[in-house]
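Survey of secondary and tertiary structure
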Amino acid sequence: MSAPTVVPSSKTAPAPRVVPLRRPWRWFSAGLVLVALGLVLWSAITNEQFQWPVVARYFTAEAVLRGLGLTLWLTALTLVLGFLLGGLLAVMRLSGNPVLVGVGWGYVWLFRSVPLLVQLLFWFNIGALYPALAGSTAVIGPMTAVIIGLVLHEAAYAAEVVRGGILSVEAGQVEAGLALGMGRGRILRRIVLPQAMRSIVPGAGNLLIGTLKGTSIVSVLAVQDLLHSVQLIYNRNYLVIPLLLVATLWYVVITSLLSIGQHYVERYYSRGAGRLR
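Values in this document were obtained by computation on a predicted structure and should not be read as measured data.

**A few points about the overall build of the chain**
Tallying secondary structure elements over the chain gives eleven helices and zero strands in all. Across the 277 residues in the chain, those meeting the buried criterion constitute 33%. Contacts spanning at least 24 positions in sequence make up 72% of the contacts within the chain whose residues lie at least 6 apart. When the accessible surface of the chain is totalled, it reaches about 17700 Å², and 68% of it is carbon and sulfur.

**Focus on unusual backbone geometry**
The phi dihedral of Gln51 falls on the positive side, at around 55 degrees, and the residue is not glycine. By secondary structure assignment, the location of Gln51 is in the loop between helix H1 (24–46) and helix H2 (52–59). Accessibility expressed as a relative area gives 27% for Gln51, which makes it partly exposed. Unlike most non-glycine residues, Ala222 shows phi in positive territory, near 65 degrees. Topologically, Ala222 is positioned in the loop between helix H9 (184–214) and helix H10 (226–237).

**Structural notes on a nonpolar patch on the surface**
There is a patch of nonpolar side chains on the surface, built from Val253, Leu257, Ile260 and Tyr264 and spanning about 400 Å² of accessible area. Looking at the secondary structure, you find Leu257 in helix H11 (residues 240–269).

**Section: the packing of aromatic side chains**
The geometry of an aromatic ring pair is captured by two quantities: the separation of the ring centres and the angle between the planes. Evaluated as defined, the whole model comprises six aromatic pairs. Between Trp25 and Phe28, the aromatic rings sit 5.6 Å apart at their centres with planes inclined by 90 degrees, giving edge-to-face as the arrangement. Residue Trp25 and its partner Phe28 are located together in helix H1, separated by three residues, close to a single helical turn. Its relative accessible area of 67% is what places Trp25 among the exposed residues. Overall, the relative accessible area of 49% leaves Phe28 in the partly exposed class. With a centroid separation of 5.6 Å and 80 degrees between ring planes, the pair formed by Phe122 and Trp123 is classed as edge-to-face.

**Side note on the confidence of the model for the chain**
Of all residues in the chain, 89% attain a pLDDT of 70 or more, and the chain-wide mean is 84. The secondary-structure element of the chain with the lowest mean pLDDT is helix H6 (residues 131–134), recorded at 61, while helix H4 (residues 98–113) shows the highest, at 94.

**Notes on the UniProt feature "transmembrane region" (unreviewed entry) in the chain**
The positions that UniProt labels "transmembrane region" (unreviewed entry) are, in the present scheme, residues 27–45, 65–92, 99–122, 128–152, 207–227 and 239–261. End C-alpha atoms of residues 207–227 are separated by 20 Å, and the span's content is 48% helix alongside 0% strand.

**Brief notes about the environment of Gly102**
One can find Gly102 in helix H4. Here Gly102 falls in the partly exposed class, since its relative accessible area comes to 37%. Residues Gly102 and Met92 lie ten residues apart in sequence; the distance between their C-alpha atoms is 8.6 Å.

What counts, and where the lines are drawn
Going along each chain's sequence as written, the residues are numbered from 1 onward. With pLDDT at 70 or above as the cut-off, local features in this predicted model cover only qualifying residues; side-chain atom pairs require 80 or more to be listed or tallied, and sums for whole chains, interfaces and linings still use all residues. Here the side-chain values reflect all heavy atoms present in the structure, with hydrogen atoms and water set aside. Starting at the N terminus, helices and strands are each numbered in turn, a helix being any DSSP run of H or I of at least four residues and a strand any DSSP run of E of at least two. Each residue's exposure class comes from its accessible area (1.4 Å probe, protein chains only) as a fraction of the maximum for that residue type: buried when under 20%, exposed when over 50%, partly exposed otherwise. Should any heavy atoms of two residues lie within 4.5 Å, those residues are considered in contact. Areas reported here follow the Shrake-Rupley algorithm with a probe of radius 1.4 Å; residue values treat only the protein chains shown as occluding. For patch detection, residues must exceed 30% relative accessible area and be free of salt bridges, and they are connected within 9 Å for like charges or within 5 Å for nonpolar side chains (Val, Leu, Ile, Met, Phe, Trp, Tyr). Salt bridges, as used here, are contacts in which a Lys or Arg side-chain nitrogen is within 4 Å of a carboxyl oxygen on Asp or Glu. Classification of ring pairs rests on two measures: the distance between centres of Phe, Tyr or Trp rings, Trp counted by its six-membered ring, which must be within 6.5 Å, and the angle between planes, read as stacked under 30 degrees, edge-to-face over 60 and tilted in between. For every residue, the predictor reports its confidence as pLDDT, a number between 0 and 100. UniProt positions are given in the numbering used here, feature names are shortened, and annotations may be inferred rather than shown by experiment.

Below, the structure is given as structure tokens:
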């Protein structure tokens, strides 16, 4: 006996109703966090001890802006020279020469092991170790010691950022370049580095922000950066809290601008990667 024929109905079944999953605790926790944040902000605004009028008066003071300019200059110089030296160290560590590999590894190990403050004090007093070379401790002044210490310290971390970016590129890319008759230097410039930038930029951005904040340590050598400038002011008028807030707000503003710039640089080098961050 043949199976009965099923005649399709002219009326289609109604689509099932989709009911979103209720998450009351998610909204409760979000509301709780917003209330706590609002209370903190309200306390900061209404607390007279913060002395916001004083903060507004000194925020664009000439001495503060001069210290901010020096901080930005030190950050930019340290980043450029640090990554130039760090890139060279990264290439040394990835070379086939065991001597270069050892020297590169030893440099990174040494300068990452010693605190930055110790390095700055060491370079400031280097004349005591080599009087014939330096002449006297006055030759290595505070600014020179700061530049040397920051750049050498930055290079150790920049080397690892660059090395990690280079290692993120597949080895087949290099082999393809060699098969086409390209030299290793040209392969590095034209094939490896453009692709490695996707991994280098996030680490470099974090290192840049860390360098910006790390320059505040140069105040121990009486270099008049942003922090030292506000310290000189509050040592005269004893308005410690509002002037520290001035330095804090400037660090927050510059860090936020650098984070926005990092975002767009990452988008540029992430083109064609299937995901934009």
